[in-house]
Amino acid sequence: MKKYALTHECVTIEGNIATVGISSKAAEELGDVTYVELPEVGKEVKKGEVLCTIESVKSAEDIYVPLSGKIVEVNKDLEDKPEIINEDAENKGWIVKIEFSDQSEIEDLLDEDPPM
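Under an unreviewed UniProt entry, the name given to the protein is Glycine cleavage system H protein, and the source organism is Petrotoga sibirica. Quoted verbatim from the Subunit (unreviewed entry) field of the UniProt record, the comment on the protein reads "The glycine cleavage system is composed of four proteins: P, T, L and H."

Pasting the structure below:
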């Protein structure tokens, strides 16, 4: 199941794992991504707080936690190839996987990416 946050995070939900990245629209708006500050595996995160920062040739943007829980994996490929986000933001360009703790938070997510 794919969902979106108002802040343009893309969330793919499988069981109790949420794979989080940014939407294709957000990647297009950012321009060429040059760096992704990945968070720590094992870190507990709360919905709405800053997850990480993505830097591009245009700007640096905060990415927000769409579902509370624990980070169980980060996309290490982004350390050497942050441009994966531009190439395939909603699939190969994922940033983290979160084992989420509150099923009801899914209800706050949207079925499609909102307008920019």
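### A closer look at the overall build of the protein
Within the protein, the regular secondary structure consists of three helices and nine strands. What you see in the protein, going N to C, is helices and strands ordered as β-β-β-α-β-β-β-β-β-α-α-β. Relative to the compact-globule value of 13 Å for 116 residues, the protein shows a C-alpha radius of gyration of 13 Å, a close match. Taken over the C-alpha atoms alone, the protein extends approximately 35 × 30 × 20 Å along its principal axes. In the protein, which comprises 116 residues, the share counted as buried stands at 47%. Across the protein, the 12 positively charged side chains and the 28 negatively charged ones have centroids separated by 3 Å.

### Notes on the packing of aromatic side chains
Following the criterion strictly, the structure yields zero aromatic pairs and no others. When the ring centre of Trp94 is taken as origin, the NZ or CZ atom of Lys97, which lies over that ring, is 5.0 Å away.

### Structural notes on the sheet that holds strand β8 (residues 69-74)
Here six strands make up an open sheet; going across it, the order is β1-β2-β3-β9-β8-β5 and the pairing antiparallel. Whereas interior strands pair on both sides, the edge strands pair on one side only; in this sheet they are β1 (2-4) and β5 (44-45). Two strands pair when backbone bridges link them, and β8 and strand β9 (residues 96-100) are joined in this way by five bridges, in the antiparallel orientation. Looking across to β9, one finds that Ile71 is bridged to Ile98.

### Notes on the nonpolar core
Of all hydrophobic cores here, the largest spans 31 residues; its most connected members are Ile22, Leu51, Ile54, Ile85 and Ile95. Within the residue set of this core, elements represented by two or more residues are β2 (9-14), β3 (17-22), α1 (24-30), β4 (33-37), β6 (50-56), β8, α3 (84-88) and β9.

### Quick notes on the sheet that holds β4
Taken together, the three strands give an open sheet; going across it, the order is β4-β6-β7, and neighbouring strands pair in antiparallel fashion. For this open sheet the edge positions go to β4 and β7 (60-64), each flanked by a neighbour on one side alone. Ignoring which end each strand starts from, the neighbouring axes of this sheet average 25° apart. Note that β6 and β7 share five bridges and pair antiparallel. By the bridge assignment for β7, Val50 is matched with Tyr64.

### Overview of the environment of Leu51
Among the structural elements, Leu51 can be located in strand β6. By relative accessible area, Leu51 is classed as buried at 5%. Each C-alpha atom of the pair Leu51 and Val20 lies 9.9 Å from the other, and the pair is 31 residues apart in sequence. In this structure, Leu51 is in contact with Val20, Pro39, Val45, Ile63, Tyr64, Val65, Ile71 and Val96, ignoring residues within four places of it in sequence.

### A short note on the UniProt feature "modified residue: N6-lipoyllysine" (unreviewed entry) in the protein
In this numbering, the UniProt entry assigns the feature "modified residue: N6-lipoyllysine" (unreviewed entry) to Lys58. Along the chain, Lys58 turns up in the loop between β6 and β7. Only 3.2 Å separates the side chain of Lys58 from the backbone oxygen of Glu29, close enough to count as a polar contact.

What counts, and where the lines are drawn
- Residues numbered from 1 in each chain as written.
- Predicted model: local features only at pLDDT ≥ 70, side-chain atom pairs only at ≥ 80, totals over all residues.
- Heavy atoms only, no water.
- UniProt positions renumbered as here; feature names shortened; annotations may be inferred.
- Helix = DSSP H or I, 4+ residues; strand = E, 2+ residues; numbered from the N terminus.
- Rg over C-alpha atoms; globule rule 2.2 N^0.38 Å.
- Buried < 20%, exposed > 50% of the residue type's maximum accessible area, 1.4 Å probe, protein only.
- Lys, Arg positive; Asp, Glu negative; His and termini not counted.
- Charge placed at Lys NZ, Arg CZ, Asp CG, Glu CD.
- Phe/Tyr/Trp six-rings, centres within 6.5 Å; stacked < 30°, edge-to-face > 60°.
- Lys NZ or Arg CZ within 6 Å of the ring centre and 35° of its normal.
- Pairing = 2+ DSSP bridges.
- Core = buried A, V, L, I, M, F, W, Y, C linked by side-chain atoms within 4.5 Å.
- Axes fitted to C-alpha atoms, helices over the stretch in contact; angles between N-to-C directions.
- Contact = heavy atoms within 4.5 Å.
- Polar contact = N/O pair within 3.5 Å; in protein donor to acceptor, adjacent residues only side chain to side chain.

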